[in-house]
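# Topology and contacts: notes
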Amino acid sequence: MSEDNKVKVAIVGSGNIGTDLMYKILKEQGHMELAMVAGIEPESEGLKRARDEGIGTTHEGVQPVLDDPEIKIVFEATSAKAHKANAPKYKEAGKIAVDLTPAAQGPYVVPVANLTEHLNEENVNLMTCGAQATTPMAYAVSKVTPVRYAEMVSTVASASAGMGTRQNIDEFTFTTARGLEEIGGAREGKAIIILNPADPPLIMRNTVYVVPEEDEIDEDAITESVETVVAEVQKAVPGYQLKNGPTFDKRDTPWGEKTLVMMFLEVEGAGDFLPKYSGNLDIMTASATKVGEAFSRHLLGVEEVVA
Amino acid sequence: MKVRITDTSLRDGSHAMSHRFTKEQVREVAGALDEAGVPVIEVTHGDGLAGSSIQYGFSQVSEMELIAEAASVCEQAKIAALLLPGVGTVPQLKEAVERGVGVVRIATHCTEADISQEHFEIAKEMDLETVGFLMMAHMRGPEVLVEQAKLMESYGADCVYIVDSAGAMLPKDARERIEAMKEGLDCQVGFHAHDNLGVGIGNSLAAFEAGVDQLDGSLRGLGAGAGNAKTELLAAVLDKMEVETGLDAFKLMDAAEYTIAPMMPFQPMPDRDSIMIGYAGVYSTFLLHAKRAAERYDVDVRDVLTELGEREAVAGQEDWVIDVAMDVAKEKEGAAS
């Protein structure tokens, strides 16, 4: 494929997520050319690895990325605070930002639900790992029947929860709950996160509870929709698995006795850079890669090939 | 010699009540505790602020209303609220304070104290008394616990508790943990017991002998699993030991007998399943969830609890109870076919 068919992209942030994303973009045989990885520590593991792969690097932060007019798409893998400061600069420099922090400066994107909906935006947000993992399940039920309430519980290995998550754990619950509403289609969303220090570290687990509005629901149609969405997510995240469910149960709820749909997920990472148990981080970088590829195709005017 | 008692009938007891406390019940219990001289009364959903959920069970009456009811009848007692970062958030804490909360108890798994920094700092900005809660503390030794407690102390905790959420500790476990905490910390130290192995009072006394500053109890032990150390019993025993608590043991015995006992759906005690929880080292709150799931999927509740222990489930992972019950059922089916 000639260079003309590629869009230059950059990763800002050379930590765990930025580095894993680098390997995913390099693996993706698509329309992105990774032109630069930006960090702040010249001797950081991430920048070393980027140099080893022959990728341009900078340890001067975001400025060299802004100064390069060829770079059209920037992946933000820093922190919510840093992205809030960087977002207007990307906009001014005419770059599209794919934000992996919970800064939520642009609309939410979850590939399986709305990959191509916001391709004319300058900034899109991937919310949280928990939202990438669980909103597809609420979305799958919503496609069949209206959803009154969706609740998710994420259990993440302590070893794969970085300081960003730890210091802003409230942010995770707010953003994920909003994702269940906006992407998952629930009238009301709720999110809970639990860190588990078991050793060896456990693979990311997510439970999704969905309460449909209607009393009469088509259980077979819901099961089919859930299985279809799981298969779709698996294309980008092969370790995304429904371990149990969808299972249906009657429960007393604040809206009277309702049927409850329960789904139990496990998300194992691809192990590109991060350990396999870090499915929470892997699903973020996998989604970011999909979103970056969609933007690149859009910029190049390449039609999505429907397999 | 003195020790301060916090009564958690209206918080830990919320588990045993399946989160169905009414306003009247809360007024009666809080009023009786206040009159008996209990200095701190905890009122929240069992899993803390915003615990009302499918995961943990919906509150029949909003905890904010229950906090306001309790505050309205107390003349001397402070009202405490529990907050688990990852479940409850700062906006709910602010609302609880508006409703009358003066003490916040911030709980994390015993290795994850660093998720509580924001909550402690904001609580201190609001001039609240702050307590750190290191849950499932039987899973780690004194060194790790002291290290984690120091984090909470550095964020602004006035007291850090060793919380035996699984009721799995023996008196020596409680003693060595509290001794290390007293040695390593400048702030106060507390101990929260569950009676799953029948040593809730014994562990509390061991903690007291090791120098603990604060202890938890609940009337009739109303709490998760086999319940907590009984407040009325702590009052009586500490009185016999000539420890100053400010509690009126007779009034607490009456409150246990005439106020709380009639509203309890069952008497928490170390029965078969609760002993199993202590023995397997599983979160006490899983008890009722495991019983329901075992019935729903037709499996032995002890198999579910044992497996949860093996998977090292921590506080708050009630969803794993159903998941594990379904796995146990599948296994049983596989073995039968």
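Fair warning: this is a prediction, and the values are worked out from it, not measured in the lab. (Residues numbered from 1 in each chain as written. Chains lettered and ligands numbered in written order. Predicted model: local features only at pLDDT ≥ 70, side-chain atom pairs only at ≥ 80, totals over all residues.)

What chain A contains, in helices and strands, is 10 helices and 11 strands. Radius of gyration (C-alpha) of chain A: 19 Å, near the 19 Å computed for a compact globule of 307 residues. Considering only C-alpha atoms, chain A reaches an extent of 60 × 45 × 30 Å along its principal axes. Contacts spanning at least 24 positions in sequence make up 69% of the contacts within chain A whose residues lie at least 6 apart. (Helix = DSSP H or I, 4+ residues; strand = E, 2+ residues; numbered from the N terminus. Rg over C-alpha atoms; globule rule 2.2 N^0.38 Å. Contact = placed C-beta atoms within 7 Å.)

Attention shifts here to the UniProt feature "active site" (unreviewed entry) in chain A. Residues and elements named next belong to chain A. Under the UniProt annotation, "active site" (unreviewed entry) lies at Cys 129. By the element assignment, Cys 129 lies in helix 6 (residues 129-142). Given 31 C-beta atoms within 10 Å, Cys 129 falls into the buried group. Ignoring anything within four residues of it in the chain, the contact list for Cys 129 reads Asn 280, Leu 281, Ile 283 and Met 284. (UniProt positions renumbered as here; feature names shortened; annotations may be inferred. Buried ≥ 20, exposed ≤ 12 C-beta atoms within 10 Å, placed from the backbone.)

On to the domain arrangement of chain B, then. Residues and elements named next belong to chain B. Segmentation of chain B into domains returns domain 1 (4-262) and domain 2 (285-336). With centres defined by C-alpha atoms, the gap from domain 1 to domain 2 works out at 27 Å. Taken together, the 14 residues of domain 1 in the interface contact 8 residues of domain 2. Tallied by class, the residues present in the side of domain 1 that touches domain 2 amount to 6 nonpolar, 7 polar and 1 charged. (Domains from an automatic or database assignment. Nonpolar A, V, L, I, M, F, W, Y, C, P; charged D, E, K, R; others polar.)

Before going further, it helps to spend a moment on the sheet that holds strand 7 (residues 147-157) of chain A. Residues and elements named next belong to chain A. Reading across from one edge, 8-7-9-11-10 is the order of the 5 strands in this open sheet, with mixed pairing throughout. A single partner strand is all that each edge strand has here, and the edge strands are strand 8 (186-196) and strand 10 (240-253). Strand-to-strand, the axes of this sheet are offset by a mean angle of 15°, without reference to chain direction. Sheet topology places strand 10 next to strand 11 (residues 256-267); 11 bridges connect them, and they run antiparallel. Bridged to Phe 248 within strand 11 is Val 261. Sheet strands in contact with helix 6 are strand 7, strand 8, strand 9 (204-212) and strand 11, and its direction is about 30° off that of strand 9. Most of the contacts of helix 10 (residues 279-300) go to strand 11, to which it runs at about 85°, and overall it touches strand 7, strand 9 and strand 11. (Pairing = 2+ DSSP bridges. Axes fitted to C-alpha atoms, helices over the stretch in contact; angles between N-to-C directions.)

This next bit is on the packing of helix 1 (residues 16-27) of chain A against helix 10 of chain A. Residue and element names in this part refer to chain A. Close contact between helix 1 and helix 10 brings their axes to 9 Å; oriented N to C, the two are set at 50°. The angle between helix 1 and helix 10 places the two elements in the oblique class. Pair helix 1 / helix 10 crosses with right-handed handedness. On the side of helix 1, the interface is formed by Asn 16, Ile 17, Asp 20, Leu 21, Lys 24 and Ile 25, while helix 10 contributes Leu 281, Asp 282, Met 284, Thr 285, Ala 286, Ala 288, Thr 289 and Gly 292. Of the residues that constitute the contact of helix 1 with helix 10, the class distribution is 7 nonpolar, 4 polar and 3 charged. (Parallel < 35°, antiparallel > 145°, perpendicular 65-115°, else oblique. Left-handed = near helix turned anticlockwise from the far one by under 90°.)

Residue and element names in this part refer to chain B. With respect to topology, 8 strands assemble into a closed barrel ordered 1-2-3-4-5-6-7-8, the strand pairing being parallel. Across the sheet, the axes of successive neighbouring strands diverge by a mean angle of 25°, strand direction being ignored. By the bridge criterion, 3 bridges tie strand 2 (residues 40-42) to strand 3 (residues 78-83) in an arrangement that is parallel. Across the sheet, the residue bridging to Glu 42 is Ala 80, located in strand 3.

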